[in-house]
Amino acid sequence: MPFLLVTSTFSYAQRYTTDTSSFYFPTEVLLKKHLEAYWRNDSASVAVFSDDLGHEPDSLEMDSLVDMRLKSLALSANRIYSSSLQELDEPVLFNGYPTTVYRLTWFQNELKADYSPYSIRIEEGENGRHVAYFSYRLWDRKRTVPSLHHDTIVIDENSREELVRQIDKYGLYNKPSMLDTLIIVFGGSTCILESWENDEYHAVFRNCSLDPEICELQMYMWRLIGMKRKMPDGKPGLLSRLFGFL
């Protein structure tokens, strides 16, 4: 039941940053508004709220409780997502950025994740060149502490235009930031796609199991920056080193 996610998510987020000034996303885009009507009309949710209050809530109390739960979920998600980008030493985009920029961030949902988050940020660099900044962390062989890496890849104009077409095909500017579903997926991975363009910020947050289209976009960006599972000499490529395909 979606309501039960509130408690588990909130406690999970205590392991992450609690400084809201360091958030990478506006919390309002993380509000799961589709849960609002569900919680108001779900008898089990009403029963939980009644236990909290000691009586069945009236309509005003119910509005307040549902609003509080939605904000708690959004704040918890923001802490988790922001901490992933802090680990990668990435810039905040939603407050404004000096140039058009697109960023895809991936991370594993489990608390004890086997794989570290990574981000691919593409923007205009010096002298009008288009540059992809790839931030990731790699485990050593003993899997003690992952080291932070930043790669810079220059991409040509045609590749950059194809990226924009792929993002338009995905429908970034027309999709809701949060997926309208009551399905809960425990585990798996999440992709966050952001853009800052023409002084406007857009972002979508998707569990990869529920949005195969964002997985296709992710794989396109892998190819764009040259991520390979195996190098021509047979040695493991960066894709293998990131995800353990050894």
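Residue numbering note: each chain is counted from 1, following its sequence as written. Two thresholds apply to this predicted model, a pLDDT of at least 70 for residue-level local features and 80 or more for giving and counting side-chain atom pairs, whereas whole-chain, interface and lining totals are computed over all residues. Side-chain descriptors were evaluated using all non-hydrogen atoms of the structure, hydrogens and water having been removed beforehand.

Topic: the overall build of the protein
For clarity, the cut-off: Runs of H or I in DSSP of at least four residues are treated as helices and runs of E of at least two as strands, each being numbered from the N terminus. In what follows, residue pairs with any heavy atoms lying within 4.5 Å of each other are defined as contacts. Under the convention used here, a 1.4 Å probe and the Shrake-Rupley method define accessible areas, while residue burial counts only the protein chains that appear.
For the protein, the helix and strand inventory stands at seven helices and six strands. Listed N to C, the secondary structure of the protein is α-α-α-α-β-β-β-β-α-β-β-α-α in terms of helices and strands. In the protein, of all internal contacts separated by at least 6 residues, the share reaching a separation of at least 24 is 63%. Accessible area of the protein: about 13100 Å², with a carbon and sulfur share of 50%.

A look at the environment of Tyr220
With respect to the helices, strands and loops of the structure, Tyr220 is situated in helix H6 (residues 212-224). Along the chain, Tyr220 and Leu163 lie 57 residues apart, while their C-alpha atoms are 8.2 Å from each other. When residues no more than four places from it in sequence are discounted, the contact partners of Tyr220 are Ser159, Glu162, Leu163 and Gln166.

A word on the side chain of Ser119
Applicable threshold: Exposure is judged per residue with a 1.4 Å probe applied to protein chains only, and the accessible area is read against the type maximum: over 50% gives exposed, under 20% gives buried, and values in between give partly exposed.
Residue placement: Ser119 occurs in strand S2 (residues 118-124). You can call Ser119 buried: its relative accessible area is 0%. Each residue touching Ser119, except ones within four places of it in the same chain, is listed here: Leu85, Leu88, Glu90, Arg103, Leu104, Thr105, Tyr133, Phe134 and Ser135.

Section: the side chain of Arg206
The condition that has to hold: Whenever two N or O atoms come within 3.5 Å, that pair is a polar contact, provided that in protein one can donate a hydrogen and the other can accept it, and provided that, for residues adjacent in sequence, both atoms are side-chain atoms.
You can see Arg206 is positioned in strand S6 (residues 200-207). In this structure Arg206 comes out as buried when scored by relative accessible area, which is 2%. Within the structure, Arg206 has its side chain in polar contact with the backbone oxygen of Ser177 (distance 3.0 Å). Apart from residues lying up to four places away in sequence, Arg206 is in contact with Tyr170, Lys175, Pro176, Ser177, Met178, Leu179, Ser189, Thr190, Cys191, Asp211 and Ile214.

Concerning helix H5 (residues 157-170)
To keep it simple, the criterion reads: Helix span, as expected, comes to 1.5 Å for every residue beyond the first. Here the arc refers to the directions that run from the helix axis out to each C-beta atom.
Helix length check: H5 (14 residues) gives 20 Å between terminal C-alpha atoms against 20 Å at 1.5 Å per residue, within 8%. Every buried residue belonging to H5 is among Leu163, Val164, Ile167 and Tyr170, and all of these are buried. When H5 is viewed along its axis, its buried side chains cluster within an angular range of 120° and face the same direction. Of the exposed residues in H5, the ones pointing more than 90 degrees away from its buried face are Asn158 and Lys169. On the buried face of H5, the contacting elements are strand S1 (101-108), S2, strand S5 (189-197), S6 and H6. The residue sitting at the N-terminus of H5 and contributing the capping side-chain oxygen is Asp156; that oxygen lies 3.2 Å from the backbone nitrogen of Asn158. Directly beyond the C-terminal end of H5, a positive phi value near 90° is found at Gly171.

Observations concerning the packing of aromatic side chains
Aromatic ring pairs: the centre-centre distance and the angle between the two ring planes describe each pair. For the record, the criterion: Working definition: rings of Phe, Tyr and Trp (its six-membered ring) pair if their centres are within 6.5 Å, and the pair is stacked with planes under 30 degrees apart, edge-to-face with planes over 60 apart, and tilted otherwise. Here, over-ring charges are defined by two tests on the NZ atom of lysine or the CZ atom of arginine: distance to the ring centre within 6 Å, and angle to the ring normal within 35 degrees.
This model, assessed by the stated rule, comprises eight aromatic pairs. Taken together, a centroid distance of 6.3 Å and an interplanar angle of 85° make the contact between Phe25 and Tyr81 edge-to-face. One end of the pair, Phe25, is in the loop between helix H1 (5-13) and helix H2 (34-41); the other, Tyr81, is in helix H4 (residues 59-87), and 56 residues separate them in sequence. For Tyr81, a relative accessible area of 12% corresponds to the buried category. Lying across the ring of Tyr170, Lys175 places its NZ or CZ 4.7 Å from the centre.

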